[in-house]
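Descriptive structure summary
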Amino acid sequence: MNAPTSIPGTLTDSTRLLGDRSALHAAWDRDGYWYFRSVLDAESLAWFRAPIMAELKRIEVVDLNEDAPVWNGRHLERFPPPVQAGYAPFPALVKSRRWRDFLARAPIAEFFREALGSDVHWVPVAETRVMPPRETCQDGLLTYVHQDGFYNEGYRCLTAWMPLWPIRREAGGLTVAAGLHRGPYLHDLQQPPRYPIPADAINADQWRTADYEVGDVVLFDRMLPHSGQRNRSKHDFRVSFDVRCVLPGDPAPIVGHILEATATGVRVRAEDGRVHNLTFDAKSYCRGLGRNAGARLRPLEVAQQYQAGQEVMITEEAGMVRLRREPKY
Ligand SMILES: O=C(O)CCC(=O)C(=O)O
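Let me begin by describing the structure that accompanies this report. (Residues numbered from 1 in each chain as written. Predicted model: local features only at pLDDT ≥ 70, side-chain atom pairs only at ≥ 80, totals over all residues. Heavy atoms only, no water.)

Let us now look at the overall build of the protein chain. The secondary structure content of the protein chain amounts to 5 helices and 16 strands. Over its C-alpha atoms the protein chain spans a radius of gyration of 20 Å, differing by no more than 12% from the 20 Å that the globule rule assigns to 329 residues. If one aligns the C-alpha atoms of the protein chain with their principal axes, the spans along those axes are about 50 × 50 × 45 Å. Across the 329 residues in the protein chain, those meeting the buried criterion constitute 50%. Partitioning the contacts of the protein chain with sequence separation of at least 6, the portion at a separation of at least 24 is 74%. In the structure as shown, the protein chain presents an accessible area of about 15100 Å², 49% of it carried by carbon and sulfur atoms. (Helix = DSSP H or I, 4+ residues; strand = E, 2+ residues; numbered from the N terminus. Rg over C-alpha atoms; globule rule 2.2 N^0.38 Å. Buried < 20%, exposed > 50% of the residue type's maximum accessible area, 1.4 Å probe, protein only. Contact = heavy atoms within 4.5 Å. Areas by Shrake-Rupley, 256 points an atom, 1.4 Å probe, with all protein chains shown as cover.)

As C-alpha cells, then:
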C-alpha cells in the first residue's frame, strides 16, 4: 500500500521560464506540469470568486465581515453534501457560465496565451470546488487519484488548476505525481464502471504539492496522475477552480444539445448551429450523467439516460463517437 499520509514534496516553480519556450518544453517533458506563481490577475480572480463567498455567507458558515473563507464554527448542515471525490456545487452556482467570462478577461486570456504559446480553446469541463475544514482522512489523504485523459477520450486535453484563496498544505490543494505523464494510463480496466488507479501504482515519494497563493496556477498533462487532498485545516474552506483546454492546434469537441438519441447513434445541434449525425462503435465511451459522471455506461443505459434536449460534449473520429459526456460547469 503506497497511499501517502502526507505530502512533503514541493512542486517545481517554473515561473522564471515564462517567455522561454524551449525551457518550458524541457520542464514539461521532465515533470508533466508547470507551476507558475503569482501570475494571474488579482482583480479578475476577486471578481470570479465573489459569488462563492456570497454563498458561504448566505448559509452562515463564514461571518459577514470576513474577506477570506474562514469557518466561523457554525453547523455545516447547509453546506452541500459529499459526492464522489468532493462536494456537490452550491445550487445557485450550478451551470454558472461565470468561468467563461473569467477566462475571457484580457489579463487572464493574455497569461494563458503566453504560457501555452497560442490562443486557448477552453472546453466546458470546469469545476469550482469548495471543501470544508476538518475532513477526516479515514479513507486516505487523497480524494481520488486519476489521469484526466482517461476520462476525456477523443481529444487531447490539458488541465489548469488554480486556488481562489490561499491554500496552505493542511487545507489540501492539488497534488501531482511528478514525472509520471509519459503513460501508460494506470486506471484498472478490470474495475468498471470507474476504473480506479490501484493504490500501489504510484510511490508515495512521487507526490508533490505546495502552499498555494492567489494568482498561482498549475497546468498539467492529461496523463499526469493527480488528486485533491482532504482538507485537514481547522478553519479554512479550500476553494479552487479547474478547467481544461484542447492542446494548441487540436480540434475542439462538439458542444451542443441532443436532437435525437438512439442506442446506436446521436444527432446533435452544436453551439454554432451545425447539426452532427454520429454513430457509436465499440470504442465509444459514454459517461453517466450527474453524480454518475465518472462511470462508463453500457449501450442500453446510454439510450435510457441521454434524451433529446440534453446538453452534451462529444468528441468524434470519422463520424464515430469517441466520448459523450455532459458538460461539467
Ligand atoms: O482540486 C481537486 O480537489 C482535484 C482537482 C482535479 O482532480 C482536477 O483538476 O482534475
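A volume near 480 Å³ is recorded for the second largest pocket. Lining the second largest pocket are 24 residues; nearest its centre among them are His121, Pro251, Ala252, Pro253 and Ile254. Those elements that place two or more of their residues in the lining of the second largest pocket are α3 (98-104), β4 (122-131), β11 (254-261) and β15 (311-317). Considering only residue class, the lining of the second largest pocket consists of 13 nonpolar, 4 polar and 7 charged. (1 Å grid on protein atoms, 1.4 Å probe; cavity = no way out; pocket = protein on both sides within 12 Å on 5 of 7 lines; lining within 4 Å. Points joined across faces, edges and corners; volume = space filled by probe spheres on them. Nonpolar A, V, L, I, M, F, W, Y, C, P; charged D, E, K, R; others polar.)

Further remarks concern the packing of aromatic side chains. In this structure the tally under the stated criterion is 17 aromatic pairs. Ring geometry for Tyr35 and Tyr212: centres 5.9 Å apart, planes at 85°, overall edge-to-face. Of this pair, Tyr35 sits in strand β1 (residues 33-36) while Tyr212 sits in the loop between β7 (207-208) and β8 (217-221), and the two are 177 residues apart along the sequence. Note on accessibility: Tyr35 and Tyr212 belong to one class, buried. A ring pair is formed by Phe79 and Phe90, whose centres lie 5.8 Å apart and whose planes are at 85°; its orientation type is edge-to-face. (Phe/Tyr/Trp six-rings, centres within 6.5 Å; stacked < 30°, edge-to-face > 60°.)

Further remarks concern the site of the ligand. Every residue near the ligand is listed here: Arg129, His146, Asp148, Thr159, Trp161, His226, Gly228, Arg238, Ser240, Asp242 and Arg244. Contact between the ligand and His146: an oxygen atom at 3.3 Å from a side-chain N or O atom of the residue. Protein chains shield 98% of the accessible area of the ligand, which is 290 Å² for the free molecule. Secondary-structure elements contributing two or more residues to the shell around the ligand are β5 (157-163) and β10 (238-246). Of the residues forming the shell around the ligand, the biggest block, 4 residues, is contributed by β10. Residue composition of the shell around the ligand, by class: 1 nonpolar, 5 polar and 5 charged. (Near = heavy atom within 4 Å. Polar contact = N/O pair within 3.5 Å; in protein donor to acceptor, adjacent residues only side chain to side chain.)

Another point: the pattern of salt bridges. Where charged atoms from two side chains of opposite charge come close, those side chains can pair. Per the counting criterion, the structure on display carries 18 salt bridges. A salt bridge links Asp31 to Arg30; the shortest N-O distance between them is 2.8 Å. What makes Arg30 partly exposed here is its relative accessible area of 48%. Taken together, the salt bridges that share partners define one network made up of Glu127, Arg129, Asp148, Asp242, Arg244 and Lys328. (Salt bridge = Lys/Arg side-chain N within 4 Å of Asp/Glu carboxyl O.)

The strand order across the open sheet built from 3 strands is β7-β6-β9, with neighbouring strands paired in antiparallel fashion. Both edges of this open sheet fall to β7 and β9 (226-227), since each of them pairs with a single strand only. Alignment of strand β6 (residues 175-177) against β7, held across 2 bridges, turns out to be antiparallel. Across the sheet, residue Val176 finds its bridge partner in β7, namely Arg208. (Pairing = 2+ DSSP bridges.)

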